[in-house]
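In case you want the letters, here they are:
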Amino acid sequence: MIYPLRSTVMYFNPRYPTLNPKLYHEQMPNPLKGVKAGHFNLTLADELQWSDEEKAQWVEICSGQKTFPEFHPLAMVYAGHQFGQWAGQLGDGRGLLIAQIINRHHQTIDLHLKGAGSTPYSRMGDGRAVLRSVIREYLAGHALNSLGVPSSNAVGFTSSTQGVQREKLELGAMMLRTSDCHIRLGHFEWINQYQPDLLPEFTQKCIEWHYPECLELQQAGTENHILAFARKVIQNTAIMIAKWQLVGFAHGVMNTDNLNITGSTLDFGPYGFMERFRPNWINNHSDYNGRYTYQNQPSIAHWNLWNWLNHLIPLAQPETKEKFKQDLVECLEDFEPTFLKHYTDGLCQKLGLPNFHKDSFDCGMSFLKILQSEQLDYTNSFIRLQNKQYEAIQDDCLDRHQFELFLTQYESIREHQDLDELDADMKLANPVYILRNHMAQKAIEQAERDDFSEVDRLFKLLSQPFTRQTDLETAADLAPLASDLPEVMVSCSS
């Protein structure tokens, strides 16, 4: 049932609490001491149909001081494979689902309060989040959404005077995250390991809530609804990964508990946006073997989905189990062509090449090889190509002949094409601004001194990443750190 919030326009749809109580634990947030306003996403609050009253009380809501009578906050339990190893029971160790509401597009959106205190699933953790990681997630979710990449977002975050111990004592913070779904692949792992009797109803609800079209296929006799569900999850995940690759985003911790069933980015840890093009760049300094590098993201997503599909097998009827297993394998075969189609189309758009030309993809690979061998900036190089600054790219190359060969092929493919249309497409695909680690770090350092002006500047800048904003930008926004300066090391701790 949908509940109106008193005399306001925000509507609640508390559906997760209708599941078996074994899947969650209800508890109230534990606010931090000395709460301070951080930053508020007014545009998102409008989209979520927040009333003027809610907007005026955003600090109280985003710090756990105010909750809603229409929804009892809860922590979800799930499990997962972390760095490829079974990690057992996990769960919301420092976050609470505090509401599920209807946005202006009639979608149900989760409001998830991060840093809300310890839960039964905290294990050895303290249930808190620090200002550093909250700012990084707040800006990254906003950046990806602005880039057109499916992702969680956030209404706002708050700081505090309360210290939280990590590698050093840091300021505690909270963030109110939004997502179309917090149900992870790891939910299915937990259910199969600890409460297998819950699997049929849980899966049915996932389909009803997130993929109702699969039920229509079942009713029409076109496809089994579970197989249709599996296929949609696989396809949406493949599309998300293709979009990550195209903007140069590396998640850093693609554990099975960090991927959800709708294919939207979730759980930012030691992420990074690619600067100099190094596909094997390890942005998580705890990833000792480089499992979660940028170049491995498609294969890791495939591995995670393969693992997840195994947890759907118990849903098969005994007499059709072997056939059902084979059908799941065929569903997984959709991953590679879906990824390649969206990545190829996107790469051609970034290059200003027609996606139907037989040589466009190979030409794109040649360009990426130049970026890799010459260690050129990924984002800036596409902008230079878009602006036809060919000499500027070549001047940065030690192997000038390699670029000349590329340029000859590139111009040959573009010949006799509608260049105005291709150039217009490039402008829609190549961001001027990405969230570089040193940009986020500067905002963090100022925020730790109670100055959130840099967070606000970056938030505005990243709101329109494809448009040059000379009144807002600084020189540091447009380039990687100088080669003689150390990169910002990102910690897994948050």
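Residues numbered from 1 in each chain as written. Predicted model: local features only at pLDDT ≥ 70, side-chain atom pairs only at ≥ 80, totals over all residues. Heavy atoms only, no water.

Undergrad: Mind showing me how you'd approach the overall build of the chain here?
TA: Scanning the chain from terminus to terminus reveals 18 helices and 15 strands. For 494 residues, the compact-globule estimate of 2.2 N^0.38 gives 23 Å, and the chain sits close to it at 23 Å. Principal-axis analysis of the C-alpha atoms places the extent of the chain at approximately 65 × 65 × 45 Å. A total of 494 residues make up the chain; the buried ones form 59% of that total. By sequence separation, contacts in the chain at least 24 residues apart represent 70% of the contacts at least 6 residues apart. Looking at the chain as shown, the accessible area adds up to about 20,500 Å², and 50% of this sits on carbon and sulfur atoms. Taking the average location of the 43 positive side-chain charges in the chain and that of its 61 negative ones, the two points are 4 Å from each other. (Helix = DSSP H or I, 4+ residues; strand = E, 2+ residues; numbered from the N terminus. Rg over C-alpha atoms; globule rule 2.2 N^0.38 Å. Buried < 20%, exposed > 50% of the residue type's maximum accessible area, 1.4 Å probe, protein only. Contact = heavy atoms within 4.5 Å. Areas by Shrake-Rupley, 256 points an atom, 1.4 Å probe, with all protein chains shown as cover. Lys, Arg positive; Asp, Glu negative; His and termini not counted. Charge placed at Lys NZ, Arg CZ, Asp CG, Glu CD.)

Undergrad: Please clarify how the domain arrangement of the chain should be interpreted in this entry.
TA: One widely used convention gives an interface's size as the accessible area the parts lose upon coming together. Domain annotation of the chain identifies domain 1 (16-185) and domain 2 (348-429). Measuring from the centre of the C-alpha atoms in domain 1 to the corresponding centre in domain 2 gives 41 Å. (Domains from an automatic or database assignment.)

Undergrad: So what exactly am I meant to see when it comes to helix 17 (residues 437-447) here?
TA: When you tally the buried positions in helix 17, you get eight out of 11 residues, the bulk of the element. Among all positions of helix 17, only Asn437, His438, Met439, Ala440, Ala443, Ile444, Gln446 and Ala447 are buried. Elements that come into contact with the buried residues of helix 17 comprise helix 4 (131-146) and helix 18 (453-463).

Undergrad: Whenever I open this one, the environment of glutamine 165 confuses me. Can you help?
TA: Considering the arrangement of structural elements, one finds glutamine 165 in strand 12 (residues 163-165). On the basis of relative accessible area, glutamine 165 is assigned to the partly exposed category, the value being 48%. C-alpha of glutamine 165 to C-alpha of arginine 128: the two residues are 37 residues apart in sequence and 9.4 Å apart in space.

Undergrad: Is there a simple way to think about helix 15 (residues 400-414) in this case?
TA: Structurally, the α-helix is built with 3.6 residues per turn, so residues lying three or four positions apart point the same way. If you check helix 15, its first and last C-alpha atoms are 21 Å apart, about what 15 residues at 1.5 Å a residue would give, namely 21 Å. Along helix 15, the residues classified as buried are Phe403, Phe406, Leu407, Tyr410, Ile413 and Arg414. Down the axis of helix 15, the smallest arc covering the buried residues is 130 degrees, so these residues share one side. More than 90 degrees from the buried face of helix 15, the exposed residues found are Leu405 and Thr408. Tucked into the core, helix 15 has its buried residues touching helix 11 (335-351), helix 12 (360-374), helix 13 (378-386), helix 14 (390-395) and helix 16 (419-429). (Expected span 1.5 Å × (residues − 1). Arc of directions from axis to C-beta.)

Undergrad: Any chance you could explain the environment of leucine 305 here in plain terms?
TA: Structurally, leucine 305 can be placed in helix 9 (residues 297-310). A residue is classified by how much of its surface remains accessible, and leucine 305, at 0% relative accessible area, is buried. Along the sequence, leucine 305 and aspartate 396 sit 91 residues apart, while their C-alpha atoms lie 40 Å from each other. Filtering out sequence-adjacent residues up to four positions away, leucine 305 remains in contact with Leu185, Val233, Ile234, Thr237, Leu332 and Phe335.

Undergrad: So what exactly am I meant to see when it comes to the UniProt feature "active site" (unreviewed entry) in the chain here?
TA: The UniProt feature table records "active site" (unreviewed entry) at Asp257. Along the chain, aspartate 257 turns up in the loop between strand 14 (249-250) and strand 15 (272-273). When neighbours within four sequence positions are excluded, aspartate 257 is seen to be in contact with Tyr78, Ala79, Gly80, His81, Gln82, Leu90, Arg184, Gly186 and Asp267. (UniProt positions renumbered as here; feature names shortened; annotations may be inferred.)

Undergrad: Looking at this model, I keep getting lost on the pattern of salt bridges. Mind explaining?
TA: For the structure shown, the criterion picks out 27 salt bridges. Residue arginine 436 pairs with aspartate 377 through a salt bridge whose shortest N-O separation is 2.9 Å. On the criterion of sequence distance, the pair formed by arginine 436 in the loop between helix 16 and helix 17 and aspartate 377 in the loop between helix 12 and helix 13 is long-range, its members being 59 residues apart. Neither arginine 436 nor aspartate 377 differs from the other in exposure class; each is buried. Each of the salt bridges in this network shares a partner with another, and the network as a whole consists of Asp92, Lys114, Glu137, Arg177, Arg184 and Asp267. (Salt bridge = Lys/Arg side-chain N within 4 Å of Asp/Glu carboxyl O.)

Undergrad: Sorry if this is basic, but what is going on with the side chain of serine 160 here?
TA: Within the fold, serine 160 resides in the loop between strand 11 (153-159) and strand 12. A polar contact is formed between the side chain of serine 160 and the backbone nitrogen of glutamine 162, at a distance of 3.1 Å. A polar contact of 2.9 Å, which involves the side chain of serine 160, links it to the backbone oxygen of glycine 172. If sequence neighbours within four positions are ignored, serine 160 has contacts with Leu32, Lys33, Gly34, Val35, Lys36, Leu171 and Gly172. (Polar contact = N/O pair within 3.5 Å; in protein donor to acceptor, adjacent residues only side chain to side chain.)

Undergrad: Would you mind going over the packing of aromatic side chains with me for this structure?
TA: Any pair of aromatic rings gets described here by the distance separating the centres and the angle formed by the planes. Taken as a whole and assessed by the stated rule, the structure comprises 31 aromatic pairs. Arranged with centres 6.1 Å apart and planes meeting at 70 degrees, the rings of phenylalanine 249 and phenylalanine 268 form a pair that is edge-to-face. With phenylalanine 249 in strand 14 and phenylalanine 268 in the loop between strand 14 and strand 15, the pair connects residues that are 19 residues apart, well separated along the chain. Arranged with centres 5.7 Å apart and planes meeting at 80 degrees, the rings of phenylalanine 268 and tyrosine 271 form a pair that is edge-to-face. By relative accessible area, which is 0% here, tyrosine 271 ends up buried. Linked through ring pairs, Phe277, Tyr294, Phe367, Tyr378, Phe382, Tyr390, Phe403, Phe406 and Tyr410 together constitute an aromatic cluster. (Phe/Tyr/Trp six-rings, centres within 6.5 Å; stacked < 30°, edge-to-face > 60°.)

Undergrad: How should unusual backbone geometry be read in this particular structure?
TA: One can expect most non-glycine residues to show negative phi and most peptide bonds to be in trans. Of note in the backbone geometry, phenylalanine 83 takes a positive phi value of approximately 55 degrees without being a glycine. Tracing the sequence through the fold places phenylalanine 83 in the loop between strand 6 (79-82) and strand 7 (85-89). The phi angle at arginine 123 is positive, at roughly 55 degrees, despite the residue not being glycine. Locating arginine 123 in the fold gives a position in the loop between strand 9 (108-114) and strand 10 (129-130).

Undergrad: Please explain the UniProt feature "binding site: ATP" (unreviewed entry) in the chain as it appears in this structure.
TA: As recorded in UniProt, the feature "binding site: ATP" (unreviewed entry) lies at Gly91, Gly93, Arg94, Lys114, Asp126, Gly127, Arg177, Arg184 and Asp267. Dropping the residues within four chain positions of it, arginine 177 is found in contact with Asp110, Leu111, His112, Lys114, Glu137, Ser152, Asn153, Ala154, His182, Arg184, Leu266 and Asp267. A distance of 3.3 Å separates polar atoms of two side chains, one belonging to arginine 177 and the other to histidine 182. Its place among the elements puts arginine 184 in the loop between strand 13 (169-179) and helix 5 (185-194). Non-local contacts of arginine 184, meaning those with residues more than four positions away in its chain, are made with Tyr78, Asp92, Arg177, Thr256, Asp257, Asn258, Leu259, Asn260, Ile261, Leu266 and Asp267.

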